[in-house]
Structures are given as structure tokens and as C-alpha cells.
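Survey of secondary and tertiary structure
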Amino acid sequence: QVQLVESGGGLVQPGGSLRLSCAASRSIFNAFSMGWYRQAPGKQRELVATIISGIITNYADSVKGRFTISRDSAKNTGYLQMNSLKPENTAVYYCNVQSGAGTSSWGQGTQVTVSA
């Protein structure tokens, strides 16, 4: 499995932006997918966005047009650019990498709080 470390979370006002980063301990060039999930208090973890084979992106309906997922294979890092943040986006955000062999790796999460 690959070790993942998220960063970039914090407190931001509604309408603001944050960019989350997910640093991998080794190459993610051949990873099947990289994704961002979130879990709000009292709720189940949910998919936010994924990028498959470095090309195909999928987003939860609630974030389409506001969030952008990307990855830089040269830096072994994935990103989630979050714009026009809303209070309901408050959650712990987790990075996930799925290998071509089917193994799944998770980071420890980074807290995002959207509040005035």
C-alpha cells in the first residue's frame, strides 16, 4: 500500500477557497484512481471526486462546478481545489488511492471548516 498524507485544510469563510493536497509515499502514475472523500459529524463518508487513470474525473453533484480534482504524477501528489465553499462542505476530507491490483490506501484526513 502507499502512504498518503493530506494537507491544506483549515477554517475558511463561506464563499472562500481552499486547495487540499495528498502526498503519496511512492509513484501514483500507475494508480487506477485517486479520490477525495469527506465525512461530516454524524454522517457516513461520501465520495467528493475521483480521477481515474489520471484523465477521467467524476464529481458528486453537490460540488460540480466548484471543486476540481487533479493529480501531478511527477510529484506523486493529488489535489482538490475547492471554490465557493459552503458551510455544508465542513467535514474531514480524506484522500484515497486505488491500485490496479485493487488495493486501497487512505490518508489520515484533513479538517475543512467553512464558517463565518
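Residues numbered from 1 in each chain as written. Predicted model: local features only at pLDDT ≥ 70, side-chain atom pairs only at ≥ 80, totals over all residues. Heavy atoms only, no water.

**Considering the overall build of the chain**
Selection rule: Secondary structure follows DSSP: runs of H or I at least 4 residues long count as helices, runs of E at least 2 residues long count as strands, and numbering of each begins at the N terminus. C-alpha atoms define the radius of gyration, and 2.2 Å times the number of residues to the power 0.38 defines the globule rule. The buried label applies to any residue whose accessible area, calculated with a 1.4 Å probe on protein chains only, is under 20% of its type's maximum; exposed applies above 50%, and partly exposed to all values in between. Working rule for contacts: check all heavy atoms of both residues, and any pair within 4.5 Å makes them a contact.
Looking only at helices and strands, one finds zero helices and 11 strands in the chain. Its helices and strands in sequence order give the chain the pattern β-β-β-β-β-β-β-β-β-β-β, from N to C terminus. In terms of overall dimensions, the chain is globule-like: its C-alpha atoms have a radius of gyration of 13 Å, near the 13 Å expected for 116 residues. Counting only C-alpha atoms and orienting by the principal axes, one finds that the chain spans roughly 40 × 25 × 25 Å. Within the chain, buried positions represent 42% of all 116 residues. Long-range contacts, defined here as pairs at least 24 residues apart, represent 53% of the contacts in the chain between residues at least 6 apart.

**Points about the packing of aromatic side chains**
Here is the rule we go by: Here a pair means two rings of Phe, Tyr or Trp (six-membered ring of Trp) with centres within 6.5 Å. Their orientation is stacked below 30 degrees between planes, edge-to-face above 60, and tilted elsewhere. Two thresholds decide whether a charge sits over a ring: the Lys NZ or Arg CZ must be within 6 Å of the ring centre and within 35 degrees of the ring normal.
Under the criterion given, the structure shown has one aromatic pair. Summarising the aromatic geometry, the rings of tyrosine 37 and tryptophan 106 are spaced 5.0 Å apart at their centres and angled 65° between planes, so their arrangement reads as edge-to-face. Of this pair, tyrosine 37 sits in strand β4 (residues 33-39) while tryptophan 106 is found in strand β10 (residues 104-106), placing the two residues 69 residues apart along the sequence. For arginine 45, the ring lying beneath its charged end belongs to tryptophan 106, and the centroid distance is 4.7 Å.

**Describing the sheet that holds strand β3 (residues 18-24)**
As a reminder of what qualifies: Between any two strands, at least two bridges found by DSSP are needed for them to pair. Orientation is described by axes fitted as lines to C-alpha atoms, over the contacting stretch for helices, and by angles from 0 to 180 degrees between their N-to-C directions.
What the four strands build is an open sheet, ordered β1-β3-β8-β7; its pairing is antiparallel. Whereas interior strands pair on both sides, the edge strands pair on one side only; in this sheet they are β1 (4-7) and β7 (67-72). The mean inter-strand angle of the sheet, taken between neighbouring strand axes irrespective of direction, is 15°. The pairing of β3 with strand β8 (residues 77-82) spans six bridges and is classified as antiparallel. When the bridges of β8 are listed, cysteine 22 appears paired with glycine 78.

**Examining the side chain of threonine 77**
For clarity, the cut-off: By the criterion applied in these results, polar contacts are pairs of N or O atoms within 3.5 Å in which, for protein atoms, one can donate a hydrogen and the other can accept it, and in which residues neighboring in sequence qualify only through two side-chain atoms.
Structurally, threonine 77 can be placed in strand β8. Within the structure, threonine 77 has its side chain in polar contact with the backbone oxygen of lysine 75 (distance 2.8 Å).

**Section: the pairing of strand β5 (residues 46-52)**
For β5, a buried count of five out of seven residues is recorded, marking the element as mostly surrounded by other parts of the structure. Strand direction decides the pairing type here: β4 and β5, joined by six bridges, are antiparallel. Within β5, the residue paired with methionine 34 across the bridge is isoleucine 51. Hairpin geometry of β4 and β5 is characterised by an intervening segment of six residues between the two adjacent antiparallel strands and by a positive phi of about 75° at glycine 42. Note that β5 and strand β6 (residues 56-59) share four bridges and pair antiparallel.

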